[in-house]
Amino acid sequence: MALQELTLELSLKPFLRRNAPPLREVCRELFSAWLPATQDARQISVLLWSGDGTEILEYSGDLQQQFDWGRYVGIMNRPLPAGTEQNDPLHRNAMIGHPFEPETEKTDYRFLAELVRELKAVGGELTGRPVRVGTAFDPGPEFTISAFKYRKHPEICRGSYGSHSRELVSCYSTLLADSGHYTGFPEGIPAGTPFGTFFGRQATCFLRDMGMEFLWLSNGFGFGNFPWSYTGVVFDGEQFHPEELETVRKQMLELFWKEFRKECSVPVFVRGTNLTTGRDLSCDGVPLKEIYDSGAIQAPPVNSPWAPLNYDFGSELIGWMSHAAGFPADDFTFRFYVCDPWFQTRPWLANYEGEPYDIYMPWAVSRLRKNGRIVTPNRINLVTVDDCRGQMPPETAEQIIPHLRQAQRNAPDAPGPFLWLYPFAEYHRWILQESGRIGEVFAGDHFLRDAVNNGLPLNTVMDTAECDQLPPGRVIVSPVPEEHTPWETRLLEYLESGGRILLYGPLEHSPRLRELLQIRLTAPLEGELELEGTDLPETFAPDRTIFHAPPYSAGGIRETGGKTVLAGCFRAGEHRALAAEHRQEGGGHLIWVRTSTPRCHAFSFQDEYIGKLPREPYFEPAILLRTLLARFGWRFEYPRRSADEWYPHQTLSVHDGGFRFAGRNLTQTVEHRLGTPFGAPAMSGTDFELRGNLACGHFPLSWNRECRLFLTGEDSLIRVHTRSSQLIDRVHCLEVSGLKHAVLRIFPPEERRDTVEIIMLPGDNRMRLPRIPWKYQTATGWNYIETEPVTGSVAIYW
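Residues numbered from 1 in each chain as written. Predicted model: local features only at pLDDT ≥ 70, side-chain atom pairs only at ≥ 80, totals over all residues. Heavy atoms only, no water.

Colleague: Describe helix H10 (residues 277–284), listing the residues and the values that go with them.
Modeller: Of all 8 residues in H10, 8 are buried; the element is thus mostly enclosed. Buried within H10 are the following residues: Thr277, Gly278, Arg279, Asp280, Leu281, Ser282, Cys283 and Asp284. Buried residues in H10 make contact with helix H9 (245–263), helix H11 (288–293), helix H13 (313–325), strand E18 (418–422), helix H16 (424–433) and helix H17 (438–453). Two residues or fewer past H10, Gly285 is found with a positive phi of approximately 65 degrees. (Buried < 20%, exposed > 50% of the residue type's maximum accessible area, 1.4 Å probe, protein only. Helix = DSSP H or I, 4+ residues; strand = E, 2+ residues; numbered from the N terminus. Contact = heavy atoms within 4.5 Å.)

As structure tokens, this is what we get:
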């Protein structure tokens, strides 16, 4: 369970608030609270949010120089919203920037250097591990007042979060002449100096003088000018502009990363965008592969913290996996949103409501590498351990640490049932060499994001460059592959060997797959279309319609015909295919789904971020990726009674031979009906109805359940609970009641498989109770124990 690194993130507020104890006492409070978590890591780090990085830009080398630290709450560098004085004359809106305490003062660099020394000394003493300290740079208007960004050098602010223009520092901007004295530029800044050069030199001097060892680039800095938006330099929301790609990629690589790394050689970690690799490439032209290959950063971007704010688990999980898929090394960072020193937000104590779903779901994520090697996060960042008033609530550490450690213990050690093949290098090539496919790059990732937000349990990823051998027994989820490539060859070989494949995307560039599915191409359809087909789930969209928006869906729908069409759409007698299947001799089974996305409120920042995910008055075709899994034997059914009910978010992972179901309900009134190729999942610690070989019941707000038992049998009420073992040579006991002619399929831990005993209940003397015979079964890729039909109650030991 050893981690490479645990990073505690915090601001200066706990140290500089009114009546704060001496530095050493605050440091002891910090490390004492999180001490159990530090014991799991080889390296302890502190990411010190002293400001927004302006303190780096303005540093002159004089330790007595004062700087404006992060002593505020809300957004400090924006004008007041229109109508504020009339509607909120007392400025009670917590988003409006204000000091976190009255009469706060600036601090100086000497204090910061002293604090770094205390953090290292106290942290090393208490944890017994080396402690290093780093700082952060943020490109935006939050955290503190920045004269450098917004008054001295507004020319560097060329980006946006989506709602306000020209408020983010562009990493590839250049500076106007400045005669001021800076530690890296004592004679001033020459006109035309790349920001990367200036920032890199300033950061090197600042980190050296403060005794710091690493740098964090925040909120998408280094990865385009529009990191939270579905529009950018290359995509304006209606059209893609591939002619901009070469320029913007060169600017990012040459003007920023190359110049910055010439000046600054310390380890660099990044937040990245909150979105996906496909979006980064197609909207902002981010040269992610080249950044990775250059060694500029130590780990890929972390998971987004948006889930507790807007419920966008799709962006969190799909974005994280897509960014990790192509990283050369195994490094992989999980970041958890504990508190917030910048806004009046206490995620764990408020937004999460103390529920650990945003721990267990991301910890179900894994990356499959060559030779079947599974990679899970080896770094944890806790952002932040202090709140906006400078308090470090002790209950956050007390409550969160057990979940963090449990998630690590149960992390995946094998691929999940659904493996996402991600074309990391191919997507980079498509936007440059085959610019007509740039829409596919955008649409593919966004379609998967929508599918996860509608209940698809996808949490294992593999780069297509490493898919020499695909694991048996898994459903391979992949974009439609390039023809005549190893990617296409591996998928077709997997199909011929009896494998199951779920493809998504247009078929224009894949004649072989069109031939298999007997699909042909014709004139494109777009706009509002009526649904038809045999495999459609319930929908509350009026007249069962979709809205196919070509800019977000890789063009209009051209696919028509098909030997076995599962879902389609039509208008005025023109029919198009949305989903079709092909069954291969020998058991291979291929399902294809056409990417199709509605208008999505023009992908505005406010709709994506505030409150909850937007709802459209149309059926979302991405739902088909989940519902069509039923044709492979995997059923995740959530019959809603109205459009006001939401599908759950969930993951399904594999650990030590068993399964783990984790998730979060947006609407707890929705019934869950779950089935697998092995039967109904009988999760430990649950009661459910076995109905039509589905486990049917209602789930709480969040869950994280082990499942080693699956049932097929007559309808009945089933109870599954772990009990203390009454046999001295068995360590685990699972009691199951309510069985009616039920076949049990058991997935014990690999090393305990030969010790399984199944005893009929009731009865006190378990040595004399009848045993139920079982036999080994090996389905493709899965090994389990199976019984004959059983009626009554049993205890399962191993």
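Colleague: Outline the pattern of salt bridges, listing residues and values.
Modeller: In total, this model carries 52 salt bridges according to the counting rule given. The partner of Asp331 in a salt bridge is Arg379, with the nearest N and O atoms 2.5 Å apart. Separated by 48 residues along the polypeptide, Asp331 in the loop between H13 and strand E14 (333–337) and Arg379 in strand E17 (residues 379–383) bring together distant segments of the chain. Assessed through its relative accessible area of 15%, Asp331 is described here as buried. In this structure, Glu482 and Arg429 form a salt bridge, with 2.3 Å as the shortest nitrogen-oxygen distance. With Glu482 in the loop between strand E20 (475–479) and helix H18 (486–496) and Arg429 in helix H16, this residue pair connects regions lying 53 residues apart in the sequence. One connected set of salt bridges, linked through shared partners, spans Glu5, Arg132, Asp331 and Arg379. (Salt bridge = Lys/Arg side-chain N within 4 Å of Asp/Glu carboxyl O.)

Colleague: Give a detailed account of the side chain of Asn303, specifying residues and quantitative values.
Modeller: Tracing the sequence through the fold places Asn303 in the loop between H11 and helix H12 (307–310). We classify Asn303 as buried; its relative accessible area is 2%. Engagement of the side chain of Asn303 in a polar contact is seen with the side chain of Glu316, the distance being 3.1 Å. A polar side-chain atom of Asn303 sits 2.8 Å from the main-chain amide nitrogen of Arg335. Setting aside residues no more than four positions away along its own chain, Asn303 makes contact with Glu316, Trp320, Thr333, Phe334 and Arg335. (Polar contact = N/O pair within 3.5 Å; in protein donor to acceptor, adjacent residues only side chain to side chain.)

Colleague: Lay out the packing of H16 against H17 with the relevant residues and their values.
Modeller: Orientation of H16 relative to H17, taken along the N-to-C sense of each, is 145 degrees, at an axis distance of 8 Å. Here Tyr427, Trp430 and Ile431 of H16 come into contact with H17, specifically with Ile438, Glu440, Val441, Gly444 and Asp445. The residue makeup of the contact of H16 with H17, split by class, is 5 nonpolar, 1 polar and 2 charged. (Axes fitted to C-alpha atoms, helices over the stretch in contact; angles between N-to-C directions. Nonpolar A, V, L, I, M, F, W, Y, C, P; charged D, E, K, R; others polar.)

Colleague: How would you summarise the sheet that holds strand E30 (residues 649–655) if you had to cite specific residues and measurements?
Modeller: Taken in spatial order, the 3 strands make up an open sheet running E30-E31-E36, and their pairing is antiparallel. Strand pairing shows two members of the sheet lacking a second neighbour, E30 and strand E36 (702–707), which therefore form its edges. Along the sheet, successive strands turn relative to each other by an average axial angle of 15 degrees, direction set aside. (Pairing = 2+ DSSP bridges.)

Colleague: Any chance you could break down the environment of Lys563 for me, citing the residues and the numbers?
Modeller: Structurally, Lys563 can be placed in the loop between strand E25 (557–561) and strand E26 (565–571). When the C-alpha positions of Lys563 and Glu167 are compared, they lie 53 Å apart, and in sequence the two are 396 residues distant. For Lys563, the contacting residues outside a window of four places in its chain are Leu517 and Gln518.

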